[in-house]
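A structural walkthrough
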Amino acid sequence: MTRIQVIMGTTRTGRFGERVAPWVLQRLAEHGLDVELVDLRDYPLPFFDQKPPSVTGRNYPMEDMARLGRKLDEADGFVILTGEYNHGYPAVLKNAIDHTFVEWQRKPVAFVGWGGVGGARVIEQLRLVAVELDMAPIRQAVHILPEVIRPAFRAHDPTDFSVFEPLEARLTALAEGLAWWATTLAAGRAAADQKDH
Ligand SMILES: Cc1cc2nc3c(=O)[nH]c(=O)nc-3n(C[C@H](O)[C@H](O)[C@H](O)COP(=O)(O)O)c2cc1C
């Protein structure tokens, strides 16, 4: 089964991602994907001050880095959930990314963003970061605009996904695109591994 990690990219108290994650997880599971939430709150890290992980690979200098690395290694693909902070990516998300490298390589990543322009600016920036990580950032994305954010924040039942109804088709397209890339690249990685041995 294709293993997809949904990464909660913000950690602040009262974050909107709490509303988004259950919806994304449920829909991806309904699509037949093996999904898991990876909450960056569970992987607290200092500001990055090590040698580049693109050089050190899995020779982790710190157990905290190793824990995150081992977790990311389990995935065939990722969905990053992110708010937009000053037209860019949340520092906590970029810091986690900077602590790792090989665990992301040759895997696809899709984005679900929110904010004044549906997280469009942060998602475009993260796509550039993903290319440097040797990933395949996919075309399909979900952009959550204020007209959905407001009622979603007000809703009391976190399992009531009706507020996300206008975005269901986009999430379906994301799931389909990600499943294709994750399966295809998993086969490619396996073939490359076999050639190396
Ligand atoms: C430090 C900070 C900067 C922000 N800058 C932007 C921004 O540039 N563009 C935007 O659309 N929203 C911005 N916002 C509003 C966020 O999109 C909104 O608070 C969102 O819920 C943040 O995601 P989170 O709740 O998961 O932390 C900012 C919020 C914070 C806390």
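Quantities reported herein were computed from a predicted structural model and do not represent experimental measurements. (Residues numbered from 1 in each chain as written. Predicted model: local features only at pLDDT ≥ 70, side-chain atom pairs only at ≥ 80, totals over all residues. Heavy atoms only, no water.)

**Here's the deal with unusual backbone geometry**
- Its identity is not glycine, yet Arg106 carries a phi of approximately 60 degrees, on the positive side.
- The backbone of Asp134 shows a phi angle near 65 degrees, a positive value even though the residue is not glycine.
- With respect to the secondary-structure elements, Asp134 resides in the loop between α5 (120-132) and β5 (136-144).
- Residue class for Asp134 comes out partly exposed when judged on its relative accessible area of 32%. (Helix = DSSP H or I, 4+ residues; strand = E, 2+ residues; numbered from the N terminus. Buried < 20%, exposed > 50% of the residue type's maximum accessible area, 1.4 Å probe, protein only.)

**Quick notes on the UniProt feature "domain: NADPH-dependent FMN reductase-like" (unreviewed entry) in the protein chain**
- UniProt records the feature "domain: NADPH-dependent FMN reductase-like" (unreviewed entry) at residues 3-142, using the numbering of this structure.
- Structurally, residues 3-142 comprises 36% helix and 24% strand, and the distance from its first C-alpha atom to its last is 20 Å. (UniProt positions renumbered as here; feature names shortened; annotations may be inferred.)

**Some details on the packing of aromatic side chains**
- The tally for this structure, following the rule as stated, stands at five aromatic pairs.
- Plain terms: the ring middles of Phe16 and Trp114 are 5.5 Å apart, the flat faces sit at 70 degrees to each other, and that makes the pair edge-to-face. Taken together, the positions of Phe16 in the loop between β1 (3-8) and α1 (17-30) and Trp114 in strand β4 (residues 108-114) put the pair 98 residues apart, joining distant regions of the chain.
- Judged by relative accessible area, Phe16 falls into the buried class, the value being 3%. (Phe/Tyr/Trp six-rings, centres within 6.5 Å; stacked < 30°, edge-to-face > 60°.)

**Description of the pairing of β1**
- The buried fraction of β1 amounts to five of the six residues, a majority that puts the element mostly inside the structure.
- Here β1 runs beside strand β2 (residues 34-39); their pairing, made up of six bridges, is parallel. Each residue of the ladder has a partner; that of Ile4, found in β2, is Val35.
- For the crossover that starts at β1, traverses α1 and ends in the parallel β2, the hand is right-handed.
- Examined bridge by bridge, β1 and strand β3 (residues 77-83) share five bridges and lie parallel to one another. Counted as the bridge partner of Met8 is Leu81 from β3. (Pairing = 2+ DSSP bridges. Right-handed = clockwise from strand over helix to strand, strands pointing away.)

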